[in-house]
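One-letter residues, chain by chain:
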There are 4 protein chains.
Amino acid sequence: MPRRLSVTLTSVLRLALATAVVSSSVVLVGGAMVWRLEGDRHGTTFESLGDGIWWAMTTMTTVGYGDHVPETTSGRVVAGMIMIMGVAVLGAVAAVVALIFASAVARREERLLEAEGRTLEARLEVRLDTLDARLARIEEHLQGRAPRE
Amino acid sequence: MPRRLSVTLTSVLRLALATAVVSSSVVLVGGAMVWRLEGDRHGTTFESLGDGIWWAMTTMTTVGYGDHVPETTSGRVVAGMIMIMGVAVLGAVAAVVALIFASAVARREERLLEAEGRTLEARLEVRLDTLDARLARIEEHLQGRAPRE
Amino acid sequence: MPRRLSVTLTSVLRLALATAVVSSSVVLVGGAMVWRLEGDRHGTTFESLGDGIWWAMTTMTTVGYGDHVPETTSGRVVAGMIMIMGVAVLGAVAAVVALIFASAVARREERLLEAEGRTLEARLEVRLDTLDARLARIEEHLQGRAPRE
Amino acid sequence: MPRRLSVTLTSVLRLALATAVVSSSVVLVGGAMVWRLEGDRHGTTFESLGDGIWWAMTTMTTVGYGDHVPETTSGRVVAGMIMIMGVAVLGAVAAVVALIFASAVARREERLLEAEGRTLEARLEVRLDTLDARLARIEEHLQGRAPRE
């Protein structure tokens, strides 16, 4: 089933790309937002856009070193959104890897079912061949006898 | 199979909603509890309900910055429950995303099996048509000869 | 398929129990080991068995506050093992939740396939009934004519 | 289906081994790189190769204690790669565990479908046997009558 394999790989690559694009956007936009919201606070650790992006990355991957932590309510709301996105991204990555395996299992399953279907059909065909042959003999017999009568 | 798709989407949306409701409740209740249990401790970092909720959120998503950490045994027991819920929520999110993909794969599988079933049936129908036609000829032959005898 | 559902629920409960038992053991044994290995170090933060267990729990769930961190090589080796167990436990929890859903999908699939199998069989039965009736008529016809000859 | 079981277990073991090898390599190489990049920085916490490897391990498993954190841009880029690998490894582990369960479910499914296929075939065989017997009687009847005419 080469068509099926390619379809699956295409969806996986599409999802992987979508995950990468969404994750990068969340890290860049979220990091920039928190840097803006927290950067002017007295005693802030968000000293540059780079710090914001670095923090957003450690948050989204749920690593959370704690070297940079938002302390304003608005900063924490943005952080909460990044964390929720991070959990969703983790789920998507797990699902993509699981899908690759599951589709391999499904393909094997499918081939086995096809093989089984063919076996069933083949056995029924043999039986129907026998019936057909018998009927052909009966027909010939009846037609062969017809002129003799 | 539009009915099936809608059923699957409904279950996914229901689970997503349930996950969101349970997670929010755990964050709010757990955060409030730990703030109550830790807020009066000397040198606490849980200075407000907001700190409690923020801490509960970073704990549930397993980010764990470490800017707020419970130090009493009762606070740690509540924290442990939030962590366990967090692991379960991560699993549920991963499962929901995996389910969406798996159901797509299952639908394709189903269509392929249906198509195969129809092909098998169509081929058997052709064979049975042949047998039927043969029998009809035999019957006609026998009935056609009957009056001649 | 009530038997099947119960089988699945039993396996899920069994895995959930096994995960809980293994996780608890790792947290207790690992926490005690690191407390032993790190507790005598100058400037340690592992002041009690409770600190060890608390740290092991935050490590296994990958929260990692960083309020207690092993600094000896042997403590870090034990920590590494707890981390690896934590990743495996996360995977097991995700798999259990995914399994519950997948088995629900599989049960629907199964019912659809059964229904399809029954439809195919019913249609073939109708065809075979027709053939059978035709053959019965031929047989009667032949036997009815036999005495007349 | 013993052959199938062994195939699945082999793929799982192969993936588990691949995950372990890739993870170990990323931890060793990434830890060494960050130690090199960060070790000479004033006020660094990366004092030895061991610190680098320990940090890489806490990063890859997304534990992220924050006891060692890269602060140079190049160190953070390496850290980001390790985090992304960590998320992928988490996904792979979840997928492997899910696969083990899914393949067990798939095997039950397969056995049920096989059993159903055999039941369908058995019932059709009984019907075909009846048709065959009827035809045999007709043939005998016709051949038995032939000499008498």
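Residues numbered from 1 in each chain as written. Chains lettered and ligands numbered in written order. Predicted model: local features only at pLDDT ≥ 70, side-chain atom pairs only at ≥ 80, totals over all residues. Heavy atoms only, no water.

### Remarks on the overall build of chain A
Phase 1: Looking only at helices and strands, chain A has three helices and zero strands in total.
Phase 2: In sequence order, chain A lays out its α and β elements as α-α-α.
Phase 3: Counting only residues that meet the buried cut, chain A has 51% of its 149 residues in that class.
Phase 4: Of all intrachain contacts in chain A linking residues separated by at least 6 positions in sequence, the fraction that spans at least 24 positions is 62%. (Helix = DSSP H or I, 4+ residues; strand = E, 2+ residues; numbered from the N terminus. Buried < 20%, exposed > 50% of the residue type's maximum accessible area, 1.4 Å probe, protein only. Contact = heavy atoms within 4.5 Å.)

### Comments concerning the relation of the copies chain C and chain B
Phase 1: When chain C is fitted to chain B, the best match, at an RMSD of 0.2 Å, comes from turning it 90° and sliding it 0.1 Å along the axis. Here the two chains are linked by the operation of a four-fold rotation axis. (Least-squares fit on C-alpha atoms with pLDDT ≥ 70 in both.)

### Some words on the interface of chain C and chain B
Phase 1: Every contact between the two is made by 39 residues of chain C and, on the other side, 47 residues of chain B.
Phase 2: Counting each side, the surface lost to burial between chain C and chain B is near 3900 Å², with a carbon and sulfur contribution of 67%.
Phase 3: Scanning the region where chain C abuts chain B turns up six salt bridges.
Phase 4: Notably, a salt bridge pairs arginine 137 of chain C with glutamate 139 of chain B, separated by 2.7 Å at the nearest N-O pair.
Phase 5: Between the two partners, chain C and chain B, sit nine residue pairs in polar contact (both at pLDDT 80 or more).
Phase 6: Listed by contribution, the elements that provide at least two residues to the side of chain C that touches chain B are helix H2 (49-60) and helix H3 (73-145) of chain C.
Phase 7: Residue contributions to the side of chain C that touches chain B peak at 26 residues, all from H3 of chain C.
Phase 8: Among the residues making up the side of chain C that touches chain B, the classes are represented as 20 nonpolar, eight polar and 11 charged. (Buried area = accessible area lost by both parts, 1.4 Å probe. Salt bridge = Lys/Arg side-chain N within 4 Å of Asp/Glu carboxyl O. Polar contact = N/O pair within 3.5 Å; in protein donor to acceptor, adjacent residues only side chain to side chain. Nonpolar A, V, L, I, M, F, W, Y, C, P; charged D, E, K, R; others polar.)

### Structural notes on the confidence of the model for chain A
Residue and element names in this part refer to chain A.
Phase 1: Overall, the prediction assigns chain A a mean pLDDT of 83, with 83% of residues at 70 or greater.
Phase 2: Across chain A, the secondary-structure element scoring lowest on mean pLDDT is helix H3 (residues 73-148), at 79, and the one scoring highest is helix H2 (residues 49-60), at 96.
Phase 3: Note on residues 1-6: pLDDT is under 50 here. Beyond four places in sequence and across chains, it has 10 contacts. (pLDDT = per-residue confidence, 0-100.)

### Structural notes on the UniProt feature "transmembrane region" (unreviewed entry) in chain A
Phase 1: As annotated in UniProt, the feature "transmembrane region" (unreviewed entry) corresponds to residues 12-35 and 77-102 of chain A in the numbering used here.
Phase 2: Counted over residues 12-35 of chain A, helix gives 100% and strand 0%. Its end C-alpha atoms are 34 Å apart. (UniProt positions renumbered as here; feature names shortened; annotations may be inferred.)

### Re a nonpolar patch on the surface
Residue and element names in this part refer to chain A.
Phase 1: On the surface, a nonpolar cluster with roughly 340 Å² of combined accessible area is contributed by Leu28, Val29, Met33 and Leu37.
Phase 2: Tracing the chain through its elements places leucine 28 in helix H1 (residues 2-38).
Phase 3: For leucine 28, a relative accessible area of 47% corresponds to the partly exposed category. (Patch = residues over 30% accessible without salt bridge, like charges linked within 9 Å, V, L, I, M, F, W, Y side chains within 5 Å. Areas by Shrake-Rupley, 256 points an atom, 1.4 Å probe, with all protein chains shown as cover.)

### Concerning the environment of valine 97 of chain D
Phase 1: Structurally, valine 97 of chain D can be placed in helix H3 (residues 73-148).
Phase 2: A residue is classified by how much of its surface remains accessible, and valine 97 of chain D, at 17% relative accessible area, is buried.
Phase 3: Spatially, the C-alpha atoms of valine 97 of chain D and valine 12 of chain D are 8.7 Å apart, while their sequence positions differ by 85 residues.
Phase 4: Once residues lying within four places of it in the same chain are set aside, the contact partners of valine 97 of chain D are Gly91, Ala92 and Ala95 of chain C.

### Brief notes about helix H2 (residues 49-60) of chain B
Residue and element names in this part refer to chain B.
Phase 1: Relative to the 16 Å expected for 12 residues at 1.5 Å per residue, H2 spans 16 Å between its end C-alpha atoms, a close match to the ideal helical length.
Phase 2: The element H2 is largely enclosed, with a buried count of nine among its 12 residues.
Phase 3: Restricting attention to buried positions, one finds in H2 the residues Asp51, Gly52, Trp54, Trp55, Ala56, Met57, Thr58, Thr59 and Met60.
Phase 4: Backbone geometry just downstream of H2 places threonine 62 in the positive-phi region, at approximately 60°. (Expected span 1.5 Å × (residues − 1).)

### Describing unusual backbone geometry
All names here are of chain A.
Phase 1: Located in the positive-phi region is threonine 62, a residue other than glycine, with phi close to 60°.
Phase 2: Counting through the fold element by element, threonine 62 comes out in the loop between H2 and H3.
Phase 3: Take threonine 62: its relative accessible area is 1%, and that puts it in the buried class.

### Some thoughts on the packing of aromatic side chains
Working definition: an aromatic ring pair is given by the centre-to-centre distance plus the angle between the planes.
Residue and element names in this part refer to chain B.
Phase 1: Evaluation of the coordinates by the stated rule reveals eight aromatic pairs over all chains.
Phase 2: Measuring from ring centre to ring centre gives 5.6 Å for phenylalanine 46 and tryptophan 55, while their planes differ by 80°; the resulting arrangement is edge-to-face. When sorted by exposure, phenylalanine 46 lands in the same class as tryptophan 55, which is buried. (Phe/Tyr/Trp six-rings, centres within 6.5 Å; stacked < 30°, edge-to-face > 60°.)

### Quick look at the nonpolar core
Looking at soluble globular proteins, one finds that nonpolar side chains tend to be buried together.
Phase 1: Counting residues in each nonpolar core, the largest one holds 78 residues, and the members touching the most others are Trp55 of chain A, Trp55 of chain B, Trp55 of chain C together with Trp55 of chain D.
Phase 2: Counting residues in each nonpolar core, the second largest holds 28 residues, with Leu135 of chain A, Leu120 of chain B, Ile138 of chain C together with Leu120 of chain D among its members. (Core = buried A, V, L, I, M, F, W, Y, C linked by side-chain atoms within 4.5 Å.)

### Focus: the pattern of salt bridges
Phase 1: Inspection of every chain in the model, using the stated rule, returns 32 salt bridges over all chains.
Phase 2: Among the salt bridges present, the one from glutamate 125 of chain B reaches arginine 127 of chain C, with a minimum N-O distance of 2.4 Å. Taken together, the residues span two chains, with glutamate 125 of chain B in helix H3 (residues 73-148) and arginine 127 of chain C in helix H3.
Phase 3: Using a relative accessible area of 16% as the deciding quantity, one classes arginine 127 of chain C as buried.

### Some words on the environment of valine 77 of chain B
Phase 1: Tracing the backbone through its elements, the reader meets valine 77 of chain B in helix H3.
Phase 2: Through-space distance from the C-alpha of valine 77 of chain B to that of valine 34 of chain B is 9.5 Å; in sequence the pair is 43 residues apart.

### What about the side chain of serine 23 of chain D?
Residues and elements named next belong to chain D.
Phase 1: By the secondary structure assignment, serine 23 is in helix H1 (residues 2-38).
Phase 2: For serine 23, a relative accessible area of 14% translates into the label buried.
Phase 3: Non-local contacts of serine 23, meaning those with residues more than four positions away in its chain, are made with Met60 and Val89.

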